[in-house]
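Now for the letters of each chain:
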Amino acid sequence: MNGDNAYIVEFNGVSLNYHDAQGETPAIRGLDFGVKKGEFVSIVGPSGCGKTSVLSIAAGIAVPSGGSVRIEGGRPGYMLQQDHLLDWRTVEGNILLGLEVQGNLNEESRSYALELLKTYGLGEFAGKYPSQLSGGMRQKVALIRTLATRPELLLLDEPFSALDFQTRLMLCDEMHDILKREGKTVILVTHDISEAISMGDRVLVFSARPTGVKAEHIIDLSGKSPLERRNAANFKDYFNAIWGELDHDEAK
Amino acid sequence: MMKQNDAAFSAEHRQYIARLNRSRRGIKLARWLILIVFIALWELFARVGIIDPFIGSSPVRVAETIARLYSGGELFLHIGITLYETVLGFVLGTAAGTLIAVALWWSPALNRVLDPYLVVLNALPKIALGPILIVWFGAGITSIIVMALLISFVVTIMSVLAGFNEITGEKQLLMKTLGASKLQIFTMVVLPASLPTIMNALKISVGMSWVGVIVGEYLVSKAGLGYLIVYGGQVFKLDLVMASIVVLCLLAALMYYGVAYMEKKLVKWRMHGG
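Quantities reported herein were computed from a predicted structural model and do not represent experimental measurements.

Some thoughts on the interface of chain A and chain B
Interfaces are often sized by the amount of accessible area the parts lose when they come together.
Here is step 1: Facing 14 residues of chain A, the contacting portion of chain B comprises 15 residues.
Here is step 2: Examining the composition of the side of chain A that touches chain B, we find that three residues originate from one element, helix H3 (residues 97-101) of chain A, more than from any other.
Here is step 3: Partitioned by chemical class, the residues of the side of chain A that touches chain B number eight nonpolar, four polar and two charged.

Points about the domain arrangement of chain B
Here is step 1: Annotation of chain B at the domain level lists domain 1 (9-51) and domain 2 (61-273).
Here is step 2: A separation of 33 Å is found between the C-alpha centroids of domain 1 of chain B and domain 2 of chain B.

Here we look at the environment of Glu 74 of chain B
Here is step 1: Tracing the sequence through the fold places Glu 74 of chain B in the loop between helix H3 (59-71) and helix H4 (75-106).
Here is step 2: As for Glu 74 of chain B and Ala 223 of chain B, which are separated by 149 residues in sequence, their C-alpha atoms are 9.5 Å apart.

A word on unusual backbone geometry
Here is step 1: In the segment running from Arg 209 of chain A into Pro 210 of chain A, the intervening peptide bond is cis, with an omega of -10°.
Here is step 2: The backbone of His 84 of chain A shows a phi angle near 50°, a positive value even though the residue is not glycine.
Here is step 3: Looking at the element boundaries, His 84 of chain A is found in the loop between strand S5 (77-79) and helix H2 (91-95).
Here is step 4: Despite not being glycine, Phe 236 of chain B has its phi angle at roughly 60°, a positive value.
Here is step 5: Residue placement: Phe 236 of chain B occurs in the loop between helix H11 (225-234) and helix H12 (238-273).

Regarding the packing of H4 of chain B against helix H10 (residues 195-220) of chain B
All names here are of chain B.
Here is step 1: Here H4 crosses H10 at 130°, and the two axes come no closer than 9 Å. Here H4 lies oblique to H10, going by the angle between them. Considering only the axes of H4 and H10, their crossing is right-handed. Across the interface between the two elements, Thr 82, Glu 85, Thr 86, Gly 89, Phe 90, Gly 93 and Thr 94 of H4 pack against Leu 202, Ser 205, Val 206, Ser 209, Trp 210, Gly 212, Val 213 and Glu 217 of H10.
Here is step 2: When the residues that make up the contact of H4 with H10 are grouped by side-chain class, the tally is five nonpolar, eight polar and two charged.

Considering the domain arrangement of chain A
All names here are of chain A.
Here is step 1: Considered domain by domain, chain A is made up of domain 1 (1-76 + 152-252) and domain 2 (82-150).
Here is step 2: Distance between the C-alpha centres of domain 1 and domain 2: 25 Å.
Here is step 3: Each partner contributes to the interface: domain 1 provides 11 residues, whereas domain 2 provides nine residues.
Here is step 4: Considering only residue class, the side of domain 1 that touches domain 2 consists of eight nonpolar, one polar and two charged.

Some remarks on the pairing of strand S8 (residues 202-206) of chain A
All names here are of chain A.
Here is step 1: The buried fraction of S8 is high, at four of five residues.
Here is step 2: As defined by bridge partners, strand S3 (residues 40-44) adjoins S8 across four bridges and the pair is classed as parallel. Directly across from Ser 42, in S8, lies its bridge partner Val 203.
Here is step 3: With five bridges joining them, S8 and strand S9 (residues 213-218) adopt antiparallel strand pairing. Bridging across to S9, Phe 206 finds its partner in Val 213.
Here is step 4: The turn joining S8 and S9, which pair antiparallel and follow one another in sequence, is formed by six residues.

Topic: the sheet that holds strand S4 (residues 66-71) of chain A
Residue and element names in this part refer to chain A.
Here is step 1: Taking strand neighbours across the sheet as the criterion, the three strands line up as S2-S1-S4 in an open arrangement whose pairing is antiparallel. Looking at which strands have only one partner, the edges of the open sheet turn out to be strand S2 (23-36) and S4. Each strand of the sheet is rotated relative to its neighbour by a mean of 25°, with strand direction disregarded.
Here is step 2: Pairing of strand S1 (residues 7-20) with S4 involves five bridges; the strand directions are antiparallel. Across the sheet, Glu 10 pairs through a bridge with Arg 70, a residue of S4.
Here is step 3: Where helix H1 (residues 51-59) meets the sheet, it contacts S1, S2 and S4, and its direction lies at approximately 120° from that of S1.

Thresholds applied
Residues numbered from 1 in each chain as written. Chains lettered and ligands numbered in written order. Predicted model: local features only at pLDDT ≥ 70, side-chain atom pairs only at ≥ 80, totals over all residues. Contact = placed C-beta atoms within 7 Å. Helix = DSSP H or I, 4+ residues; strand = E, 2+ residues; numbered from the N terminus. Nonpolar A, V, L, I, M, F, W, Y, C, P; charged D, E, K, R; others polar. Domains from an automatic or database assignment. Axes fitted to C-alpha atoms, helices over the stretch in contact; angles between N-to-C directions. Parallel < 35°, antiparallel > 145°, perpendicular 65-115°, else oblique. Left-handed = near helix turned anticlockwise from the far one by under 90°. Buried ≥ 20, exposed ≤ 12 C-beta atoms within 10 Å, placed from the backbone. Pairing = 2+ DSSP bridges.

Okay, here's the thing in structure tokens:
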């Protein structure tokens, strides 16, 4: 997938401090990493280590306290743990939300969004309301809402963690397939090591706060889909290595 | 649930539906029964002398009074004035209250600055301001409308703002990641999402407007249902007092259902137009 070797995301010596009346907490210190075009990078780390803040910075919502960040390819798409579909809008109305907000809603962009919906098996639900969909379908609609604005880079913040286990495995497969087919560059933040390994081309292990990259693994597993990759012989080796590197005493 | 026709229902399900219908009918029946028994007993007690009709009136006397007011052309005059004051006070109070709630949502700093004042204003019985209003706005309809406005105004600010603030930060975060401006966040997410809360606030402030108008009429009016009640009390015409209260009950209920109807329409509109 990585024909082009140029980084489209670059974090150089990024730091971030949280402030409150009690004082200053260093959340991120000297964070360096890059993501190549078309690459799927998973980030794992102990809870509360500031993984989400990294995505906020990449999305331009949070401003780093120091260092530099370079993001190419326009506004990244962002997916949250909850789908946050607007329940008074139809599925169609929901996937067009980003285009509307950005003032890019026209016949062409609308049919592109609806085409995505069709391609990924939700075409018949365009006129339905979110309350009529299952949790997995709702999260898929949220993904299509994110893709509709044609972002080059997608930031996924634990997008599966609100789902039950079975739905989670299935949606992992489906979303991985969609993202690869659309040729997107992805940063996935998760606390689930198996998820990180099965989906990622590369896994970054973050340290406890103040966070930085503690270890990096290029994932080479046989099998295409995350489910197949979970069955690869060396899957366990990656898992054990990463498990060993995680700062457990910080995890709560 | 799968759709089935009647014949396909099991006996158990048919029994369940029958039970459901019976209980619904029972509740409706009980509601009417309470009203009928109450009116019947009231009339009966008045006739046999357990209640002195001079002090306690009676349903027949109430009905006669309403009929007399109607034929004298006074009924709709009083209803009209009271309704006019209430609707105007309600509309102005909720409109101003909603606008201020929007401003306070928009600027958390302003919200924090004004918070203690809102708390005091909310705790203050607005009726205490009556004499001031009369001096400022004159002993007439304007004072009454301002009283109704004041009472519904503060309630509206508090409950509409609470509705806005209920909308999670995450939904706003999502809008920000899509590049939404604050105005877009407000009109596309916060306002439609808090519509049900706003409508509930309106239902409360309808009641508040009635309180304001009746109190206002007690203080200064020359016409209106509140005036009739006070006047009736002063000249010891309890028939007139009771009749006015009955009319008031009907009007207040009607207005409440009007707002509830508007709520239904708005929610529907939100689903299709929003």
